[in-house]
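# What the coordinates show
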Amino acid sequence: MTALAAATAPPQGAGLRASARIVAVADGRGGTALPVLDGGGPFALRRLRSPGAEARVCLVGAMSAPLGGDALTLSAEVEDGAVVHFSTTAATIALPGRTGAPATYDVRIRVGEGAELRWLPEPLISARGGELWMTTRIELAPTARLVFREEQILGRAGERPGRLTARLTVRRGGRPLYDQELSYGPGVPGWDGGAVLGGHRAAGQLLVVDPAFGTAPVAPRVLGPAAVVAPLAGPAAVVSAVAPDGLQLRTLLETGLLGMDVGR
């Protein structure tokens, strides 16, 4: 279900440079504080009301990005004992820019001991003519918990996609847990063939890491013709799916998550 491409740095072009940073800490009263919630350019971070111990952070897109040539960076540090739910208000659309250079979007996440992060953004849409290199690196402490969703929509309604390369790397306790690179669109061999997307236009994965899976591992399951739940070599499991559109993709990923009995 994946097409692999060599992970090399794209050439740099003129464009927007913007970054955002989230820092969450346990407040000592059973809740989570956000001492750092800072973003520029397209990144407008907002704290939402939430019950219980978690802090809810929502990313509001303040401008169109990424465009070709843009370089965006988003980092999140969830310190020991903190609980964070991250979302976005709308899909991210990778569009062409004036220079023809690719855009880059780097996400860096660290989750500390006894901390929990639910990273549930809306999809990334690869629009015709755009080119985006996206990298996500996650560092987890041994007792950290994670629910991480990644959805990619290849082209808007009725259009061909741009080129998209996305790599997700997860380390737990300093050791590799998951490393996946996906590449689609013009110039990528076989990306639309039966061994990869088979004509579908939406692809995604939902990764769950929970120390409880060490004693009660998730069983493998087939969710449909193009979706599976697979346990990993560690207290983790991943739902992988392709679908005709984003709505069906989301349904498959959520179905896989519910089957893991993750009650947070």
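The sections below set out a description of the structure shown in this document. (Residues numbered from 1 in each chain as written. Predicted model: local features only at pLDDT ≥ 70, side-chain atom pairs only at ≥ 80, totals over all residues. Heavy atoms only, no water.)

### With respect to the packing of aromatic side chains
- One pass over the full model with this rule turns up two aromatic pairs.
- Relative to W119, the ring of F86 has its centre 3.8 Å away and its plane inclined at 15°; by these criteria the two rings are stacked. Of this pair, F86 sits in strand β6 (residues 83–88) while W119 sits in strand β9 (residues 116–120); the two residues are 33 residues apart in sequence, bridging distant segments of the chain. For the pair F86 and W119, a shared accessibility class is recorded, and that class is buried. (Phe/Tyr/Trp six-rings, centres within 6.5 Å; stacked < 30°, edge-to-face > 60°. Helix = DSSP H or I, 4+ residues; strand = E, 2+ residues; numbered from the N terminus. Buried < 20%, exposed > 50% of the residue type's maximum accessible area, 1.4 Å probe, protein only.)

### Quick look at the pattern of salt bridges
- Applying the stated criterion across every chain, the model contains 15 salt bridges.
- A salt bridge links E139 to R171, with the nearest nitrogen and oxygen atoms 3.6 Å apart. Here R171 lies in strand β13 (residues 163–172) and E139 lies in strand β11 (residues 131–140), a separation of 32 residues in the sequence.
- Residue E151 pairs with R149 through a salt bridge whose shortest N-O separation is 3.8 Å.
- For E151, a relative accessible area of 5% gives the class buried.
- Judged by relative accessible area, which is 6%, R149 ranks as buried.
- Through salt bridges with shared partners, a single network forms among E122, R149, E151, R250 and E254. (Salt bridge = Lys/Arg side-chain N within 4 Å of Asp/Glu carboxyl O.)

### Some points on the environment of R128
- Structurally, R128 is set in the loop between β10 (124–126) and β11.
- Looking at R128, the relative accessible area reads 57%, which means it is exposed.
- Taking the C-alpha atoms as reference points, R128 and R172, 44 residues apart in sequence, are found 36 Å from one another.
- Ignoring anything within four residues of it in the chain, the contact list for R128 reads P96, E159, R160, P161 and G162. (Contact = heavy atoms within 4.5 Å.)

### Let's talk about the sheet that holds strand β14 (residues 175–184)
- Read across the open sheet, the seven strands follow the order β2-β1-β5-β8-β11-β13-β14; overall the sheet is mixed. Whereas interior strands pair on both sides, the edge strands pair on one side only; in this sheet they are β2 (32–39) and β14. Across the sheet, the mean angle from the axis of one strand to that of its neighbour is 5°, orientation sign disregarded.
- Pairing geometry for strand β8 (residues 103–111) and β11, over nine bridges, is parallel. Each bridged residue has a counterpart across the sheet, and for R110 the counterpart in β11 is E139. (Pairing = 2+ DSSP bridges. Axes fitted to C-alpha atoms, helices over the stretch in contact; angles between N-to-C directions.)

### Describing the pairing of strand β12 (residues 145–154)
- Across the 10 residues that make up β12, a large majority, nine, are buried.
- Note: β9 against β12, four bridges, orientation parallel. Looking at β12, one finds that E116 is bridged to R145.
- Note that β10 and β12 share three bridges and pair parallel. Opposite L124, over in β12, you have Q152 as the bridge partner.
- In this sheet, strand β15 (residues 202–209) lies alongside β12 in antiparallel orientation, the contact comprising eight bridges. Residue pairing across strands places E151 opposite G204, the latter belonging to β15.

### Thoughts on the nonpolar core
- Within the largest apolar cluster, 57 residues are counted, with the highest numbers of intra-cluster contacts made by Y105, I109, W119, Y184 and L207.
- Sort the elements by how many residues they give to this core and β8 lands first, with five residues.
- When neighbours within four sequence positions are excluded, Y105 is seen to be in contact with F43, L59, L72, L74, T92, L132, W133, M134 and T135.
- Residues I153, V218, A241 and M260 belong to the second largest nonpolar core, which totals 20 residues. (Core = buried A, V, L, I, M, F, W, Y, C linked by side-chain atoms within 4.5 Å.)

### What about empty space enclosed by the protein?
- For the structure shown, the criterion picks out one cavity of 30 Å³ or more.
- A volume near 240 Å³ is recorded for the largest cavity.
- Y105, W119, P121, E122 and M134 are the residues nearest the centre of the largest cavity, which is lined by 19 residues in total.
- Those elements giving two or more residues to the lining of the largest cavity turn out to be β6, β8, β11 and β12.
- For the lining of the largest cavity, the leading source of residues is β12, giving five residues.
- Grouping the amino acids of the lining of the largest cavity by side-chain chemistry returns 11 nonpolar, four polar and four charged. (1 Å grid on protein atoms, 1.4 Å probe; cavity = no way out; pocket = protein on both sides within 12 Å on 5 of 7 lines; lining within 4 Å. Points joined across faces, edges and corners; volume = space filled by probe spheres on them. Nonpolar A, V, L, I, M, F, W, Y, C, P; charged D, E, K, R; others polar.)

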